[in-house]
Amino acid sequence: HKARSRRAPPALNVWTIRRERDGDEAAIAHVIAAAFAGVEWSDGSEARIVDRLRDSLELEASYVAVTPSGSVVGHIAFSPVTIDGVDCGWFGLGPLVVLPDWQRRGIGAALVTAGLEDLQRVEAAGCVVLGQPDYYTRFGFAHDPALTYPGAPVAEYFQRLMLGGEPLRGVVTYSPAFG
């Protein structure tokens, strides 16, 4: 008679994605702070950036991942960017955060997908992100040396995704909310 395997049961992977609602602000700030805690390049301002984007009505798309009990475990924000000082219908993705204990369950990918679908609905021309190429290329993001962001520590980490129209050249500027 064979011994039974004593593997731990799989972690529950129950969550849903929805738009940010009034009353989510404190939970979103908590998730952002927890996700960036201990990150060497973070100055701890990420939650305040999202608050400033919200206050200036620049959150074009803001989604949360929530558990069945209503706890927020992830968040993504998209806000307008300019290219060479001109509003061209482009947006910046960021920040994207998931609580550490909830990472590697597909939440980040689901948040990115929901936000990009939202941008397509409003006929956005494109989206930029400053992030790991290994992560964002799965969504179609790619580095384009013709589109630059002076704040990128490594040029290849600044990537763009065409959503409509032609590729643009120039320098990308994020909202003043980013400081």
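For the structure, see preceding data.
**So, helix α2 (residues 46–55)**
One turn of an α-helix holds 3.6 residues; hence residues three or four places apart share an orientation.
Alright, step 1. Buried residues of α2: Glu46, Ala47, Ile49, Val50, Leu53 and Arg54, and no others. The arc that holds every buried residue of α2, seen down its axis, measures 160°, which confines them to one face.
Alright, step 2. Of the residues one or two after α2, Leu57 is the one with positive phi, at around 60°.

**Regarding the state of the cysteines**
Alright, step 1. Applying the stated criterion across every chain yields a total of zero disulfides.
Alright, step 2. The structure places no disulfide on Cys88, whose sulfur is separated from the nearest cysteine sulfur, that of Cys127, by 14 Å.
Alright, step 3. Residue Cys88 is classed as partly exposed on the basis of its relative accessible area, which comes to 28%.
Alright, step 4. Overall, the relative accessible area of 0% leaves Cys127 in the buried class.

**A closer look at the packing of aromatic side chains**
The description of an aromatic ring pair uses the distance of the two centres, along with the angle that the planes make with each other.
Alright, step 1. Summed over all chains, the structure comprises seven aromatic pairs.
Alright, step 2. Relative to Phe139, the ring of Tyr136 lies with its centre 6.5 Å away and its plane at 50°, an arrangement referred to as tilted.
Alright, step 3. An aromatic cluster is defined as three or more aromatic residues linked by ring pairs; in this entry it consists of Tyr135, Tyr136, Phe139 and Phe141.
Alright, step 4. In this arrangement the basic side chain of Arg105 is found over the ring face of Trp102, its NZ or CZ atom lying 4.5 Å from the centre.

**Quick notes on the environment of His143**
Alright, step 1. Residue position: His143 is located in the loop between α4 (133–136) and β6 (147–148).
Alright, step 2. The partly exposed category is assigned to His143, whose relative accessible area is 31%.
Alright, step 3. Along the chain, His143 and Ala37 lie 106 residues apart, while their C-alpha atoms are 28 Å from each other.
Alright, step 4. Among all residues touching His143, those that are not within four sequence positions of it are Ala155, Glu156, Phe158 and Gln159.
Alright, step 5. Within polar-contact distance, the side chain of His143 engages the backbone oxygen of Phe158 at 3.0 Å.

**Quick notes on the environment of Gln120**
Alright, step 1. By the secondary structure assignment, Gln120 is in helix α3 (residues 107–121).
Alright, step 2. What makes Gln120 partly exposed here is its relative accessible area of 47%.

**Looking at the pairing of strand β7 (residues 158–162)**
Alright, step 1. When you tally the buried positions in β7, you get four out of five residues, the bulk of the element.
Alright, step 2. Inspection of the sheet shows strand β5 (residues 126–130) paired to β7 by five bridges, in the antiparallel sense. Looking at β7, one finds that Cys127 is bridged to Leu161.

**A closer look at the nonpolar core**
Alright, step 1. Counting residues in hydrophobic clusters, the biggest one holds 42 residues, and the most contacted among them are Leu93, Leu116 and Phe141.
Alright, step 2. Those elements that place two or more of their residues in this core are α1 (25–36), α2, β2 (61–66), β3 (72–83), β4 (86–98), α3 and β5.
Alright, step 3. Tallying contributions element by element places α3 first for this core, with six residues.
Alright, step 4. With 10 residues, the next largest nonpolar core counts Val81, Trp90, Leu147 and Val172 among its residues.

Conventions used here
Each chain carries its own residue numbering, running from 1 in the written order of its sequence. The predicted origin of the model limits local features to residues at a pLDDT of at least 70 and limits the giving and counting of side-chain atom pairs to 80 or more, whereas totals for whole chains, interfaces and linings rest on all residues. In computing side-chain properties, one takes all heavy atoms of the structure into account and sets aside hydrogens as well as water. Exposed residues in this analysis have more than 50% of their type's maximum accessible area, buried residues have under 20%, and partly exposed residues fall in between, with area computed by a 1.4 Å probe over protein chains only. Per the convention used, a helix needs a DSSP run of H or I reaching at least four residues, while a strand needs a run of E reaching at least two, with both numbered from the N terminus. When we speak of the arc, we mean the arc of directions from the helix axis to the C-beta atoms. Our working definition of a disulfide is a cysteine sulfur pair at a distance within 2.5 Å. Working definition: rings of Phe, Tyr and Trp (its six-membered ring) pair if their centres are within 6.5 Å, and the pair is stacked with planes under 30 degrees apart, edge-to-face with planes over 60 apart, and tilted otherwise. Counting as a charge over the ring demands two things of the Lys NZ or Arg CZ atom: a distance within 6 Å of the ring centre and an angle within 35 degrees of the ring normal. Any pair of residues with heavy atoms lying within 4.5 Å of one another is described as a contacting pair. Polar contact is defined as a pair of N or O atoms within 3.5 Å, subject to the rule that within protein one atom must be able to donate a hydrogen and the other to accept it, and that residues adjacent in sequence are counted only when both atoms are side-chain atoms. One bridge is not enough; two strands pair if DSSP finds at least two bridges between them. In these notes, a set of buried Ala, Val, Leu, Ile, Met, Phe, Trp, Tyr and Cys residues joined through side-chain atoms within 4.5 Å is what counts as a nonpolar core.

Function-wise, these values are silent; they only describe arrangement.
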